Amino acid sequence: VQLQASGGGLVQPGGSLRLSCLASGRTFGSSLMGWFRQAPGKEREFVASMSSNSHYAYYGDFVEGRFSISRENAKNTVYLLMTSLKPEDTAVYYCAQRAADSRWYKPAWHDYDYWGQGTLVTVSS
């Protein structure tokens, strides 16, 4: 499995970005997908996850309704729509795939088996 994240960039505070993550292989449609982020000098942080059938989605506490995760299994792609961005959202954002599906809250990095290379999001005026 290979994961390729894209869509990062420079955005002003209050702006929006949509990240995409394209997965290789045939297991995407039966896997839990997640997004994490890591800011300089900080630990990797859970952002969001979504079950294979899109019925179960979870978010980190800091999201506060600003982000939305979605997926298109036919395209092997998971998305993260980020709105009302703040400077503290600046980080490298990683997509991750768990080998199995789950309907439960899985916020730990070690719950996931495959990782993309990350895409940098910078929120600054």
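Structure: see above.
Here is what the cut-offs are and how they apply
Residues numbered from 1 in each chain as written. Predicted model: local features only at pLDDT ≥ 70, side-chain atom pairs only at ≥ 80, totals over all residues. Heavy atoms only, no water. Buried < 20%, exposed > 50% of the residue type's maximum accessible area, 1.4 Å probe, protein only. Helix = DSSP H or I, 4+ residues; strand = E, 2+ residues; numbered from the N terminus. Pairing = 2+ DSSP bridges. Disulfide = S-S within 2.5 Å. Core = buried A, V, L, I, M, F, W, Y, C linked by side-chain atoms within 4.5 Å. Contact = heavy atoms within 4.5 Å. Phe/Tyr/Trp six-rings, centres within 6.5 Å; stacked < 30°, edge-to-face > 60°. Lys NZ or Arg CZ within 6 Å of the ring centre and 35° of its normal.

### Thoughts on the pairing of strand 7 (residues 67-72)
Next up, step 1: Burial along strand 7 is one-sided: F67, I69 and R71 are buried, and none of S68, S70 and E72, which face the opposite way, are.
Next up, step 2: Bridge count for strand 7 against strand 8 (residues 77-82) is six bridges, and the pairing is antiparallel. In the strand pairing of strand 8, S70 is matched with Y79.
Next up, step 3: The loop that links strand 7 with its antiparallel partner strand 8 comprises four residues; one of these, N76, has a positive phi angle of about 50 degrees.

### As for the state of the cysteines
Next up, step 1: Scanning the model with the defined rule gives one disulfide in all.
Next up, step 2: C21 shares a disulfide with C95; S-S distance 2.0 Å. In this structure the cystine formed by C21 and C95 twists about its S-S bond by roughly 55 degrees; its chirality is therefore right-handed. Linking C21 in strand 3 (residues 17-23) with C95 in strand 9 (residues 91-97), this pair joins segments that are 74 residues apart in sequence.

### Some details on the nonpolar core
Next up, step 1: Within the largest apolar cluster, 27 residues are counted, with the highest numbers of intra-cluster contacts made by W35, V47, F67, L80, M82 and Y93.
Next up, step 2: Of all the elements in the fold, those that place two or more residues in this core are strand 1 (3-6), strand 3, strand 4 (33-38), strand 5 (45-50), strand 7, strand 8, strand 9 and strand 11 (119-123).
Next up, step 3: With four residues, strand 3 is the largest single contributor of residues to this core.
Next up, step 4: Within the second largest apolar cluster, five residues are counted, among which are L32, F36, A96 and Y112.

### Here's the deal with the side chain of S51
Next up, step 1: On the secondary structure map, S51 appears in the loop between strand 5 and strand 6 (57-59).
Next up, step 2: Under the relative-accessibility criterion, S51 is labelled buried at 1%.
Next up, step 3: In this structure, S51 is in contact with S31, L32, Y56, R71, D101 and S102, ignoring residues within four places of it in sequence.

### Observations regarding the packing of aromatic side chains
Next up, step 1: Tallying each qualifying case throughout the model produces seven aromatic pairs.
Next up, step 2: Relative to F46, the ring of F36 has its centre 5.6 Å away and its plane inclined at 75 degrees; by these criteria the two rings are edge-to-face. Here F36 is found in strand 4, whereas its partner F46 is found in strand 5, with 10 residues between them in sequence.
Next up, step 3: Residue class for F46 comes out buried when judged on its relative accessible area of 7%.
Next up, step 4: Residues F62 and F67 carry aromatic rings whose centres are separated by 6.2 Å and whose planes lie at 80 degrees to one another, so their mutual orientation is edge-to-face.
Next up, step 5: Overall, F62 belongs to the buried group, its relative accessible area being 17%.
Next up, step 6: Linked through ring pairs, F36, F46, Y58, Y105, Y112 and W115 together constitute an aromatic cluster.
Next up, step 7: Directly above the aromatic system of W115 lies the positively charged group of R44, at a separation of 4.7 Å from the ring centroid.
Next up, step 8: Looking at R71, its charged tip hangs above the ring of F28, at a distance of 4.5 Å from the centre.

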